[in-house]
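One-letter residues, chain by chain:
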Amino acid sequence: MITLKKIGIASIIAIGMVSCTETGLSPTEWVSSSRNTSWQTEVTTSISETEADSIVEINTTDTLQTIQGFGACFNELGWVSLNTLSQEDRDKVFTELFSSEGMNLTLNRMPIGANDFSLDYYSYNDVDGDFEMKNFSIAHDDSTLIPYIKAALKVNPDMRIWASPWCPPSWMKTNKHYACASTKAWFARAMASTANEDKEEAAKQKEEDPLRFRLEVVDNGLPVEREVITEGTDVFIQEPAYLQAYATYFGKFIDAYKEEGINIFMVMPQNEPNSAQPYPACLWSSKGLANFIKYLGPEMHRRGVKVFLGTIERADPLLPDSVVTDPEAGKYISGLGFQWAGKDALPILRNKYPNMQMFQTEQECGNGLNNWEGAMHSWDLMKHYIVKGKVNAYDYWNISLFKDTYSRWGWYQNSLVTVDKDNKTYMFTPEAYLLKHVSHYVKPGAKCLNTKGNYSDVLAFVNPDNSVAVIVANQNKNDMNVTLNVNGKRHTLTLKAESVNTISFK
């Protein structure tokens with residue numbers, strides 16, 4: 001019999017090292033994308049066991065939240081752009097976006113009625129005073145959203161979809177218009193913040209900024225005197241007949257899409273309820289949202305559809321928390337959704353509600369330049385949401401847009417795919433490859449891993465089949481060595497300058 005005393009401390013350490021090494025996983029695939037290359041296969045035999053100065057410690061038993069999936073949003077302008085491609089090319093794009101061999105977008109969003117990347121404003125019932133929703137119809141979507149979603153479901157029939165409105169039918173709003181802000185007044189307010197700057201110098205700096213905001217002023221027809229822009233104001237009419245009619249509207253939307261073979265598993269009551277926008281929008285107070293959810297909740301419960309509170313776009317956690325803690329509304333809320341500045345409220349609410357499902361609901365939109373800088377900004381946001389916020393799902397925004405073209409309301413924004421309208425060609429953008437570095441390898445049901453060490457530009461996950469995906473970036477201008485210490489086994493890689501890398505371990 002061998003006793004601990006006879007073995008000695010040095011031998012115990014040696015046995016421990018052997019044990020860790022034996023349970024270590026081996027790298028089976030390494031893919032990189034950089035400013036100048038996309039989805040390039042690297043040679044795993046170049047990975048050494050030496051130790052670099054930058055170290056990531058990964059223990060596959062140190063798990064955090066479960067990941068439900070990754071996705072993006074079905075918008076009308078996306079379908080219009082993709083519909084200009086040949087059937088062959090369109091099929092290739094959809095296979096890349098929605099199949100497990102491609103980007104594997106399994107959890108996606110859609111609007112209820114018009115949003116800022118619709119062709120124009122519309123709702124499913126613009127008949128003023130039709131509280132019984134006798135004139136409700138999704139016929140408008142027959143040529144855009146319905147074929148768009150069906151094409152995706154053809155590739156992945158198990159894809160899950162959630163939905164939210166940007167605004168209700170305009171007759172349900174106090175200002176009787178789809179927008180809350182007049183475009184010209186909104187733009188003037190935005191410009192007023194730079195009124196005292198050197199205009200020439202400011203313009204020069206703006207043109208040199210790869211993340212600069214880009215907008216064309218397109219009149220939305222809302223007179224300034226009908227603007228309602230004060231946060232905390234209920235622009236939705238807070239009367240029982242309107243609240244019940246709107247809940248019925250949601251229910252009929254669920255039913256109508258189900259008849260089309262499209263099942264919605266969850267809804268959120270309002271996109272950005274604190275933002276007075278010049279495109280389809282509606283301001284709600286927290287009290288107003290709680291009032292509405294008391295009507296919405298029963299309609300969704302009868303249909304087996306979940307209600308999340310969202311999309312939360314402000315940093316103040318008290319705004320959503322006052323709705324969640326409402327005794328009547330709160331019982332219908334099974335999750336929270338966050339975007340934009342809401343990311344700063346997310347960690348606080350995650351700590352308060354550790355078992356509640358929380359989604360990142362919209363990638364920041366970009367400026368239509370679709371450059372590497374935008375991709376790296378998206379990567380930093382993704383790390384915040386997944387590591388600090390511990391979200392269970394992550395959704396990009398626009399799937400596809402025409403190249404360098406603004407929306408109905410003047411916005412230039414990024415997308416996963418850009419389509420050249422004249423040449424009828426397409427390309428995937430840097431943000432598409434960034435998302436694929438995560439979504440292709442991280443399967444629904446994966447667990448996020450708690451990484452440690454002195455290098456933090458990394459995400460790591462363990463999949464249901466026990467394979468491990470490590471996504472690690474080098475945002476420096478020079479190549480650098482990073483050691484991934486996985487279950488006690490060292491794997492040192494040379495990461496190319498300005499690159500994102502995925503290493504799969506099995």
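Residues numbered from 1 in each chain as written. Predicted model: local features only at pLDDT ≥ 70, side-chain atom pairs only at ≥ 80, totals over all residues. Heavy atoms only, no water.

Caption draft 1: Representation of the nonpolar core. In terms of nonpolar packing, the biggest core is built from 127 residues, with F74, L97, M110, F253, Y257, L336 and L416 touching the most fellow members. Broken down by element, this core gets its largest block of residues, eleven residues, from helix α8 (residues 240-259). Membership of the second largest hydrophobic core comes to 21 residues, among which are V56, V472, L493 and L495. (Core = buried A, V, L, I, M, F, W, Y, C linked by side-chain atoms within 4.5 Å. Buried < 20%, exposed > 50% of the residue type's maximum accessible area, 1.4 Å probe, protein only. Helix = DSSP H or I, 4+ residues; strand = E, 2+ residues; numbered from the N terminus.)

Caption draft 2: Just helix α12 (residues 372-388), in detail. End to end, α12 covers 24 Å across 17 residues, agreeing with the expected 24 Å (1.5 Å per residue, within 8%). For α12, the full list of buried residues reads W372, G374, A375, M376, S378, W379, L381, M382, K383, H384, Y385 and I386. Just past α12, the residue K390 takes up positive phi, approximately 55 degrees. (Expected span 1.5 Å × (residues − 1).)

Caption draft 3: A look at α8. Along its 20 residues, α8 runs 29 Å from first to last C-alpha, staying within 8% of the 28 Å computed at 1.5 Å per residue. Just beyond α8, the residue with positive phi is G261, at close to 85 degrees.

Caption draft 4: Representation of the confidence of the model for the protein. Overall, the predicted model of the protein reaches an average pLDDT of 94, with 93% of residues at or above 70. For the stretch residues 1-22, pLDDT sits under 50, and the model shows seven contacts to residues farther than four places along the chain or on other chains. (pLDDT = per-residue confidence, 0-100. Contact = heavy atoms within 4.5 Å.)

Caption draft 5: Seen up close, the layout of surface pockets. Of the volumes computed, that of the largest pocket is approximately 710 Å³. Around the largest pocket sit 37 residues that line it, and F213, Q277, W340, C365 and W411 are the ones nearest its centre. If you list the elements that add at least two residues to the lining of the largest pocket, you get α6 (183-192) and α12. The dominant element in the lining of the largest pocket, judged by the number of residues it contributes, is α12, at three residues. In terms of residue class, the lining of the largest pocket is made up of 14 nonpolar, 13 polar and ten charged. (1 Å grid on protein atoms, 1.4 Å probe; cavity = no way out; pocket = protein on both sides within 12 Å on 5 of 7 lines; lining within 4 Å. Points joined across faces, edges and corners; volume = space filled by probe spheres on them. Nonpolar A, V, L, I, M, F, W, Y, C, P; charged D, E, K, R; others polar.)

Caption draft 6: Spatial organisation of the sheet that holds strand β1 (residues 27-34). A sheet is described by the order of its strands in space; here seven strands give the open sequence β2-β1-β22-β19-β18-β16-β4, paired in antiparallel fashion. The sheet is open, and its two edges are formed by β2 (40-41) and β4 (63-67), each paired on a single side. Where α12 meets the sheet, it contacts β1, β4, β16 (446-449), β18 (458-462), β19 (468-474) and β22 (499-505), and its direction lies at approximately 55 degrees from that of β18. (Pairing = 2+ DSSP bridges. Axes fitted to C-alpha atoms, helices over the stretch in contact; angles between N-to-C directions.)

Caption draft 7: Representation of the pairing of strand β20 (residues 480-486) within the structure. Along β20, six of the seven residues are buried, which leaves the element largely enclosed by surrounding structure. Inspection of the sheet shows β20 paired to strand β21 (residues 489-495) by seven bridges, in the antiparallel sense. Residue pairing in the sheet places L484 in a bridge with H491 of β21. Two successive antiparallel strands, β20 and β21, enclose a turn made up of two residues, where N487 displays a positive phi of approximately 50 degrees.

Caption draft 8: Spatial organisation of the environment of V56. With respect to the helices, strands and loops of the structure, V56 is situated in strand β3 (residues 54-58). Here the alpha-carbon distance between V56 and S456, two residues 400 residues apart in the chain, equals 7.2 Å. Ignoring sequence-local partners within four residues, the contact set of V56 consists of T451, K452, Y455, V458, V482, T483, L484 and N485.

Caption draft 9: Region of interest: the packing of aromatic side chains. One pass over the full model with this rule turns up 35 aromatic pairs. Aromatic pair F253 and Y257: ring centres 5.0 Å apart, planes at 50 degrees, arrangement tilted. In this pair, F253 and Y257 are both assigned in helix α8, four residues apart and thus about one turn of the helix distant. Across this residue pair, the class does not change: F253 and Y257 are buried. Taken together, the aromatic side chains of Y122, Y124, F136, F236, Y246, Y249, F250, F253, Y257, W284 and F292 make up a single cluster linked through ring pairs. Directly above the ring of Y412 sits R214, whose terminal nitrogen or CZ lies 4.2 Å from the centroid. One cation-aromatic arrangement involves K436 over W39; the distance from NZ or CZ to the ring centre is 4.4 Å. (Phe/Tyr/Trp six-rings, centres within 6.5 Å; stacked < 30°, edge-to-face > 60°. Lys NZ or Arg CZ within 6 Å of the ring centre and 35° of its normal.)

Caption draft 10: Spotlight on empty space enclosed by the protein. Taken as a whole and assessed by the stated rule, the structure comprises two cavities of 30 Å³ or more. Each pocket or cavity is described by its volume, and for the largest cavity that value is around 50 Å³. If you trace the largest cavity, you find it lined by G368, N370, L401, F402, D404, T405, Y412, Q413, S415 and T418. Among the residues making up the lining of the largest cavity, the classes are represented as three nonpolar, six polar and one charged. Together, Q363, S378, M382, Y394, Y396, E431, L434 and L435 line the second largest cavity. Within the residue set of the lining of the second largest cavity, elements represented by two or more residues are α12, β12 (393-398) and α13 (430-439). Counting residues per element, the lining of the second largest cavity draws most heavily on α13, at three residues. Classifying every residue of the lining of the second largest cavity gives five nonpolar, two polar and one charged.

Caption draft 11: Geometry of the pattern of salt bridges. Enumeration according to the criterion identifies 22 salt bridges in this entry. For R189, the salt bridge goes to E227, with nearest N and O atoms at 3.0 Å. Of this pair, R189 sits in helix α6 while E227 sits in the loop between α7 (199-208) and α8, and the two are 38 residues apart along the sequence. Note that K477 is salt-bridged to E498, the shortest N-O span being 3.2 Å. Of the two residues, K477 sits in the loop between β19 and β20 while E498 sits in the loop between β21 and β22, which places them 21 residues apart along the sequence. Judged by its relative accessible area of 63%, K477 falls in the exposed class. Here the residues in one salt-bridge network are R35, E373, K477 and E498, joined through shared partners. (Salt bridge = Lys/Arg side-chain N within 4 Å of Asp/Glu carboxyl O.)

Caption draft 12: Inspection of the sheet that holds strand β13 (residues 400-402) at higher detail. Strand order across the open sheet formed by three strands is β13-β14-β15, with mixed pairing between neighbours. Two strands lie at the open edges of the sheet, namely β13 and β15 (425-428), each paired on one side alone. Taken over all neighbouring pairs, the strand axes of this sheet differ in orientation by 25 degrees on average, direction set aside. When β13 meets strand β14 (residues 417-420), the two strands line up parallel, connected through three bridges. Within the sheet, the bridge partner assigned to S400 lies in β14 and is V417.

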